[in-house]
Amino acid sequence: MKKWSFYSIAILTLLTLTSCEAVETIFKAGMWWGIILVVGIIAIILWLFSRGRNS
């Protein structure tokens, strides 16, 4: 049953969105995840360097 609902949602999404809109949405989500990950990694690296200097 869950399999059918997933396919129904996927087909509905594909029919309502044009390909350009779908690709744009995917790239926007990917861009924001990339920014969040880069900022997080830089923050962890800075935290590790500041922690190492205090020791």
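Below, the structure is looked at part by part. Bear in mind the structure is a predicted one, so any value in this text is a computation, not a measurement.

Some remarks on the overall build of the protein chain
Link 1 in the chain: Per the secondary structure count, the protein chain includes 2 helices and 0 strands.
Link 2 in the chain: Here the protein chain holds 55 residues, and the buried ones make up 0% of them.

Some remarks on a nonpolar patch on the surface
Link 1 in the chain: A surface patch of nonpolar side chains, amounting to about 1100 Å² of accessible area, comprises M31, W32, W33, I35, I36, L37, V39, I41, I45 and F49.
Link 2 in the chain: Along the chain, F49 turns up in helix α2 (residues 19-54).
Link 3 in the chain: With relative accessibility at 55%, the residue F49 sits in the exposed group.

Calculation criteria
Residues numbered from 1 in each chain as written. Predicted model: local features only at pLDDT ≥ 70, side-chain atom pairs only at ≥ 80, totals over all residues. Heavy atoms only, no water. Helix = DSSP H or I, 4+ residues; strand = E, 2+ residues; numbered from the N terminus. Buried < 20%, exposed > 50% of the residue type's maximum accessible area, 1.4 Å probe, protein only. Patch = residues over 30% accessible without salt bridge, like charges linked within 9 Å, V, L, I, M, F, W, Y side chains within 5 Å. Areas by Shrake-Rupley, 256 points an atom, 1.4 Å probe, with all protein chains shown as cover. Salt bridge = Lys/Arg side-chain N within 4 Å of Asp/Glu carboxyl O.

Treat this as a map of the structure, not an account of what it does.
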